[in-house]
Amino acid sequence: MQKVRLGISVGDINGVGLELIIKGFQDLSLYKCCNPILYCCKNLVFKYAEKAKLNPKKINFIEKENQAEENVINCIHNFKSDYLLNLGTSTIESGFIALQSLKHVSEAALDGKIDCLVTCPINKETVKLHSKDFIGHTEYFENLFNGSSLMLMTSDQMKIAFLTGHIALNKVSKTINDKAIYSKIKTLHKTLQNDFRIKHPKIAVLALNPHAGENGIIGYEEIETIIPAVKRIKNENIICDGPFPADSFFSKSNLKKYDAILSMYHDQGLIPFKMCSFSSGVNFTSGLEIVRTSPVHGPAFDLSGKNMSDVGSFKQSVIQACLIYKNRLSLNL
């Protein structure tokens, strides 16, 4: 099978993105599954490598995707920049560079020049200075590619999706409704079958309120919305249980019993996930026609330029993007 053409956005140039890429692909096994294509200014790559004391020799600078070579990091010099870098600090300029890289890798995906992509961490605040509607990667890709996105964190320990994503906590309860729960579980079920090749996935749904609301004593969302939605989805022969109290769900036995979990809001799922899988977890935007993954951590400005970053999550993001793409491809053969 032909190697996957993997597009990579550089993230915030003052963060650890370039370090993750250069150090990550020192593991030669990654080249067995893909030809990586990075979208970044050539000058910035050299400036970063010099400041971070990294060796950029295995970077092949090209003008078009079809010039990509094997066993090297191919880099498309997609725009010029004389920015001097300010490692460890997100700036107006680094936000612009992050957005340009993201736009170019997305355009390549839309044009069929790459098969799937990995996005390195950004600072949403500085990107938003150049794109006022920008909320995050997940929402950005949902606006570009067909489908209904679902943020899914994956690792060997668990797969956990989110009913609500990057919204304020005081808006979560108002966003929870039967239609949303039904739609997210359907997307999650399809993802587990098609992208992870699990024939009969078992899904657990978490409650919103402490102790699952205690029959209305601590809240009515479980009684009025979540339980009816779970019953509705069960009628379609989808294995789905809950709602489970979040404080007692994350035991080893429960994690083994279920293939995936649907949490009600961002931190409810991400706190236990990152406690278990911070160095090996992957953020996968499921439900879209494009495969996009990313490390589970942010730009790590405190580590930028120090050659100290953990590349585990980045490497897993590369491996999983390629695997999911190949799983999808096999369905159409």
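Quick caveat: nothing in here was measured; it's all calculated off a predicted structure. (Residues numbered from 1 in each chain as written. Predicted model: local features only at pLDDT ≥ 70, side-chain atom pairs only at ≥ 80, totals over all residues. Heavy atoms only, no water.)

Let us look at the overall build of the protein chain. The helix and strand inventory of the protein chain stands at 12 helices and 12 strands. Computed over C-alpha atoms, the radius of gyration of the protein chain comes to 20 Å, within 12% of the 20 Å expected from 2.2 N^0.38 for 333 residues, which places it in the range of a compact globule. Across its three principal axes, the protein chain shows a C-alpha extent of roughly 60 × 45 × 35 Å. In the protein chain, of all internal contacts separated by at least 6 residues, the share reaching a separation of at least 24 is 75%. Put simply, the protein chain shows about 15400 Å² of open surface, and 50% of that area lies on carbon and sulfur atoms. For the protein chain, the distance from the average position of its 39 positive side-chain charges to the average position of its 32 negative side-chain charges is 4 Å. (Helix = DSSP H or I, 4+ residues; strand = E, 2+ residues; numbered from the N terminus. Rg over C-alpha atoms; globule rule 2.2 N^0.38 Å. Contact = heavy atoms within 4.5 Å. Areas by Shrake-Rupley, 256 points an atom, 1.4 Å probe, with all protein chains shown as cover. Lys, Arg positive; Asp, Glu negative; His and termini not counted. Charge placed at Lys NZ, Arg CZ, Asp CG, Glu CD.)

Taking 1.5 Å per residue, 19 residues should reach 27 Å; helix 3 (residues 92-110) reaches 27 Å between its end C-alpha atoms and fits that length. Listed in full, the buried residues belonging to helix 3 are S94, G95, I97, A98, L99, Q100, S101, L102, V105, S106, A108 and A109. Trailing helix 3 by a residue or two, G112 shows a phi angle of about 75 degrees, which is positive. (Expected span 1.5 Å × (residues − 1). Buried < 20%, exposed > 50% of the residue type's maximum accessible area, 1.4 Å probe, protein only.)

One pass over the full model with this rule turns up 11 aromatic pairs. Here F25 and Y31 contribute two aromatic rings whose centre-to-centre distance is 5.3 Å and whose plane-to-plane angle is 45 degrees, an arrangement assigned as tilted. Residue classification places F25 among the buried residues on the basis of a relative accessible area of 2%. With relative accessibility at 2%, the residue Y31 sits in the buried group. We note R232 situated over the ring of Y182; from NZ or CZ to the ring centre the distance is 3.7 Å. (Phe/Tyr/Trp six-rings, centres within 6.5 Å; stacked < 30°, edge-to-face > 60°. Lys NZ or Arg CZ within 6 Å of the ring centre and 35° of its normal.)

Glancing now at a nonpolar patch on the surface. There is a patch of nonpolar side chains on the surface, built from Y220, I223 and I227 and spanning about 270 Å² of accessible area. Within the secondary structure layout, Y220 lies in the loop between strand 8 (202-206) and helix 8 (221-234). (Patch = residues over 30% accessible without salt bridge, like charges linked within 9 Å, V, L, I, M, F, W, Y side chains within 5 Å. Salt bridge = Lys/Arg side-chain N within 4 Å of Asp/Glu carboxyl O.)

Our next topic: the pattern of salt bridges. Within the structure shown, the criterion is met by eight salt bridges. The salt bridge involving K3 is made with E70; its shortest N-O contact spans 3.5 Å. Separated by 67 residues along the polypeptide, K3 in the segment before strand 1 (4-9) and E70 in the loop between strand 3 (59-62) and strand 4 (73-76) bring together distant segments of the chain. A relative accessible area of 18% means that K3 is categorised as buried. Residue classification places E70 among the partly exposed positions, given a relative accessible area of 49%. The salt bridge involving K23 is made with E19; its shortest N-O contact spans 3.2 Å. Linking K23 with E19, this pair stays in helix 1 (residues 17-24), spanning four residues, or about one helical turn. For the residue pair K23 and E19, the accessibility class agrees, reading buried in each case.

Following G242, the chain continues to P243 via a peptide bond in cis, the omega torsion being 5 degrees. When you line up the elements, P243 lands in strand 9 (residues 239-244).

On to the sheet that holds strand 1, then. With mixed pairing, the 12 strands of this open sheet are ordered in space as 3-4-2-1-5-12-11-6-7-10-8-9. Strands at the two margins of the open sheet, each flanked by one partner only, are strand 3 and strand 9. Shown here is a sheet whose adjacent strand axes are inclined to one another by a mean of 25 degrees, direction ignored. When strand 2 (residues 34-39) meets strand 4, the two strands line up parallel, connected through three bridges. Counted as the bridge partner of L38 is C75 from strand 4. Taken strand by strand, helix 11 (residues 266-277) contacts strand 6 (147-154), strand 7 (159-162), strand 8, strand 10 (260-263) and strand 11 (282-288), and its axis lies near 160 degrees from that of strand 7. (Pairing = 2+ DSSP bridges. Axes fitted to C-alpha atoms, helices over the stretch in contact; angles between N-to-C directions.)

So, about the side chain of T225. The topology assignment puts T225 in helix 8. T225 has contacts with I176, N177, D178, I181 and Y220, leaving out every residue within four places of it along the chain.

What follows is about the environment of C120. Mapped onto the secondary structure, C120 falls in the loop between strand 5 (116-119) and helix 4 (124-128). By relative accessible area, which is 0% here, C120 ends up buried. Sequence-wise, C120 and L270 are 150 residues apart; in three dimensions their C-alpha atoms are separated by 18 Å. Aside from chain neighbours lying at most four places away, what touches C120 is I8, S9, V10, G11, G17, I21, H137 and F314.

Quick look at the pairing of strand 11 now. Most of strand 11 sits out of view: six of its seven residues are buried. Bridging between strand 6 and strand 11 involves six bridges; their strand directions are antiparallel. From the neighbouring strand, L150 faces strand 11, where its bridge partner is S286. By the bridge criterion, four bridges tie strand 11 to strand 12 (residues 291-295) in an arrangement that is antiparallel.

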